[in-house]
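Here is what each chain is made of, one letter per residue.
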Amino acid sequence: MSGAPARAALVAAAALAGELLTLVASEFQAGLAPTLLLGIAALTIAALAMSRLSRHDHGAARLAVPALFGLTMLWLWQVITTTFGIPKILLPAPSEIAVAFIANSATLGADFMQTFVRSVIPGYVMGCGAGFLLAIAIDRSNFLQRGLLPFGNLAAAVPVVGIAPIMVMWFGFDWESKAAVIVVMTVFPMLINTTAGLSATSAMELDLMRSYAARYGQTLVKLRLPAAMPYIFNALKLNSTLALIGGIVAEFFGTPIVGMGFRISTEVARMNIDIVWATIAVAALSGSLSYGVLSIVERATTFWHPSFRK
Amino acid sequence: MTDDTLATAAIRLSSPLRFGASTVLPVMAVGMVLLVIWYLAAIALNGPRVTEALNRGGQPYDNATFIAATWAMERPVLPAPHQIALELWNTTIDKPVDSKRSLVFHGAVTLSAALAGFVLGTVLGIVLAIGIVHVTTLDRSLMPWIVASQTVPILAIAPMIVVVLGNIGLTGLVPKAIISAYLSFFPVALGMVKGLRAPDPLQLDLMRTYSATRTQTFNKLRWPAAMSFLFPGLKVAVALSLVGAIIAELPTGAQSGLGSRLLSGSYYGQTVQIWAALVMAAILAVTAIGVLSLIERGVVMARGGRL
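Below, the structure is looked at part by part. None of these values were measured; they are calculated from a predicted model. (Residues numbered from 1 in each chain as written. Chains lettered and ligands numbered in written order. Predicted model: local features only at pLDDT ≥ 70, side-chain atom pairs only at ≥ 80, totals over all residues. Heavy atoms only, no water.)

Topic: the overall build of chain A
Logical step 1: Counting its regular elements, chain A contains twelve helices and zero strands.
Logical step 2: Counting from the amino terminus, chain A carries its helices and strands in the arrangement α-α-α-α-α-α-α-α-α-α-α-α.
Logical step 3: Computed over C-alpha atoms, the radius of gyration of chain A comes to 25 Å, more than 25% over the 19 Å expected from 2.2 N^0.38 for 310 residues, which places it beyond the range of a compact globule.
Logical step 4: Once the C-alpha set of chain A is aligned to its principal axes, its extents read approximately 80 × 60 × 30 Å.
Logical step 5: In chain A, 72% of the contacts between residues at least 6 apart in sequence involve partners at least 24 apart.
Logical step 6: Only carbon and sulfur atoms are counted for the fraction: they give 73% of the accessible area of chain A, which is about 14,400 Å². (Helix = DSSP H or I, 4+ residues; strand = E, 2+ residues; numbered from the N terminus. Rg over C-alpha atoms; globule rule 2.2 N^0.38 Å. Contact = heavy atoms within 4.5 Å. Areas by Shrake-Rupley, 256 points an atom, 1.4 Å probe, with all protein chains shown as cover.)

Below, the structure is given as structure tokens:
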């Protein structure tokens, strides 16, 4: 590490120090003018640091830029809400959200268990599994593929989440109705992507399998399914977000008195916006974590794909 | 494969609603099978309650009466397709447009919010993409967060945003449009970033040998090249903006819009009303995507290309 990256790191450290100073100033109400001046200075240094760091291409700098950007946004949120005294009902400061998060961690944990563990994961597994199996089942029938795929595309275009009230009527208030909504939401993306993935092998590769006298099943397992993996992971990632949305939205239509969707709708009504934001933080964290885990698994299974090769 | 998986997956999903000649027969066949399954499911699901009602009547009944009754319930568990079609007809053609029970009226309320958000999101997405393509700092700092923004189930917190915006005096169309915009900017931004970067180094070098300015390169090379990426993004965006507008109408006691029809239907057990609202939403989404396909075709034709 020579001069230039070290200097960029130094500027980044200066930016963080400036932001910290501004936080202190705004917390102790040092007056509007000094806080604003400090804030603008810190923001300028942060922008400078980001543009300097962007010029370097190695791993640490690539991580540092978005991290610094995220921290700066969080800081801006905190400083603006405390300096201008924005009411908690409109927009609580990140620190207030953190306090609410810790104070209500037991409730939030129970909500997470109900929504994520008991509805989202079963629904997601069933929906993705059904979509995958359906794709394999119609794989040998060109007729069925041509007939079913337009319906899959249609289902992707229409607001499927609207079936939530119907599912609540059919399956009751508990997790079954949420899982049902998630199944309907996730099955078609999986079907479409798996079908696209299964047709991603080239004629050359298929010819090679034929020259080995490979049977249909062997070609499927040894060639076509591995080749379809990138597409399948696309659907898995897309579905992880869809499933969380489906689970939470379905709870708006009726639920036992626990769950993230229930928490959001009741605490909004009771004007406890900080708890709502804490629930959102839980949702965002679980969404990002599932996405991250899927990305890691994807890297491990499709390491051969051109986009992962250096 | 890393950053833009969500968008590419989404774009692949919604692009083809085209029906070639070779797909008409399979689609019809599958559609017929689905209809038959639907009618059978209606018998199975509505059966228990119909049996109860008929037994209470005390008169003997045959199978035909029983089946006809399952397809004609007032509040069925699963309405038969013709009941939904009839409800759609009654609430669109038979009702005056300004009636509170007209689905045209509710559809228009939702569509206007969705379209406002769609336009807002599209402009935001394009501006962000232009910035990201031209400024390295923005690419490095903003791009990961744009991707991360979509792993947050924003749709689920839409009602809260509506309530909060309502507290500062923003009600009606604006909050719904903001949620639609948040959802729809993402596919547009990702598609445009990809599209504006689509010209290969050879083409960019050619522009340099012409000593073209950045603006000229943008106008004559990057922007036209991005068009084929913009439209798939727009189609996803318009579908998402409709979903956003409908969800935003849910738990806030909205008086109008398809979302409020869903909610009131679920309160009063009016299943036929829920299904009709859902079908209306589907019709709106498919129509909007169809219109975008037509515009895309026009743009491609105007540039002398082929579809």
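Quick look at the packing of helix α5 (residues 105-137) of chain A against helix α12 (residues 273-301) of chain A
Residues and elements named next belong to chain A.
Logical step 1: Following both chains from N to C, one finds α5 and α12 inclined at 40 degrees, their axes separated by 11 Å at the closest point. As judged from the angle between their axes, α5 and α12 are oblique. Considering how the two elements wind past one another, α5 and α12 form a crossing that is right-handed. Of the residues in α12, those touching α5 at L108, F112, F116 and Y124 are A278, T279, V282, S286, S290 and L294.
Logical step 2: Classifying every residue of the contact of α5 with α12 gives seven nonpolar, three polar and no charged. (Axes fitted to C-alpha atoms, helices over the stretch in contact; angles between N-to-C directions. Parallel < 35°, antiparallel > 145°, perpendicular 65-115°, else oblique. Left-handed = near helix turned anticlockwise from the far one by under 90°. Nonpolar A, V, L, I, M, F, W, Y, C, P; charged D, E, K, R; others polar.)

Here we look at the interface of chain B and chain A
Logical step 1: Of the residues lining the interface, 66 residues belong to chain B; the matching set on chain A comes to 66 residues.
Logical step 2: Summing both sides of the interface, chain B and chain A together bury roughly 5,600 Å²; the carbon and sulfur share of this comes to 78%.
Logical step 3: Scanning the region where chain B abuts chain A turns up zero salt bridges.
Logical step 4: Inspection of the region where chain B meets chain A yields zero residue pairs in polar contact (both at pLDDT 80 or more).
Logical step 5: Mapped by element, the contributors of at least two residues to the side of chain B that touches chain A are α1 (5-14), α2 (21-57), α6 (136-149), α7 (154-167), α10 (214-248), α11 (258-267) and α12 (271-302) of chain B. (Buried area = accessible area lost by both parts, 1.4 Å probe. Salt bridge = Lys/Arg side-chain N within 4 Å of Asp/Glu carboxyl O. Polar contact = N/O pair within 3.5 Å; in protein donor to acceptor, adjacent residues only side chain to side chain.)

As for helix α10 (residues 216-251) of chain A
Residue and element names in this part refer to chain A.
Logical step 1: Over its 36 residues, α10 runs only 44 Å from end to end, short of the ideal 52 Å by more than 12%, given 1.5 Å per residue.
Logical step 2: A bend of about 45 degrees at M229 is the largest found in α10, and the proline P230 appears one to four places after it.
Logical step 3: The buried count for α10 comes to 26 of 36 residues, which makes it a mostly enclosed element. (Expected span 1.5 Å × (residues − 1). Bend = angle between axes of the 7 residues up to and from the residue. Buried < 20%, exposed > 50% of the residue type's maximum accessible area, 1.4 Å probe, protein only.)

Topic: unusual backbone geometry
Logical step 1: One non-glycine residue with positive phi stands out, namely A213 of chain A, at about 60 degrees.
Logical step 2: Its place among the elements puts A213 of chain A in the loop between α9 (203-211) and α10.
Logical step 3: Despite not being glycine, S211 of chain B has its phi angle at roughly 50 degrees, a positive value.
Logical step 4: Mapping S211 of chain B onto the fold places it in the loop between α9 (201-209) and α10.
Logical step 5: Residue classification places S211 of chain B among the exposed residues on the basis of a relative accessible area of 59%.

Thoughts on the side chain of S119 of chain A
Residues and elements named next belong to chain A.
Logical step 1: Within the fold, S119 resides in helix α5.
Logical step 2: A distance of 2.9 Å separates a polar atom in the side chain of S119 from the backbone oxygen of Q114.
Logical step 3: Reaching out from S119, the side chain makes a polar contact with the backbone oxygen of T115 at a distance of 3.3 Å.
Logical step 4: Setting aside anything within four residues of it in sequence, one finds S119 in contact with Q114, W175, K178, A179 and I182.

A few points about the pattern of salt bridges
Residue and element names in this part refer to chain A.
Logical step 1: In this structure the tally under the stated criterion is nine salt bridges over all chains.
Logical step 2: Salt-bridge contacts for D207 lead to R210; the nearest nitrogen and oxygen are separated by 3.5 Å. Of this pair, D207 and R210 are both found in helix α9, three residues apart, which corresponds to roughly one turn of the helix.
Logical step 3: Note on R210: relative accessible area 61%, which makes it exposed.
Logical step 4: Taking the shortest distance from any N to any O, the salt bridge between R270 and E267 comes out at 3.4 Å.

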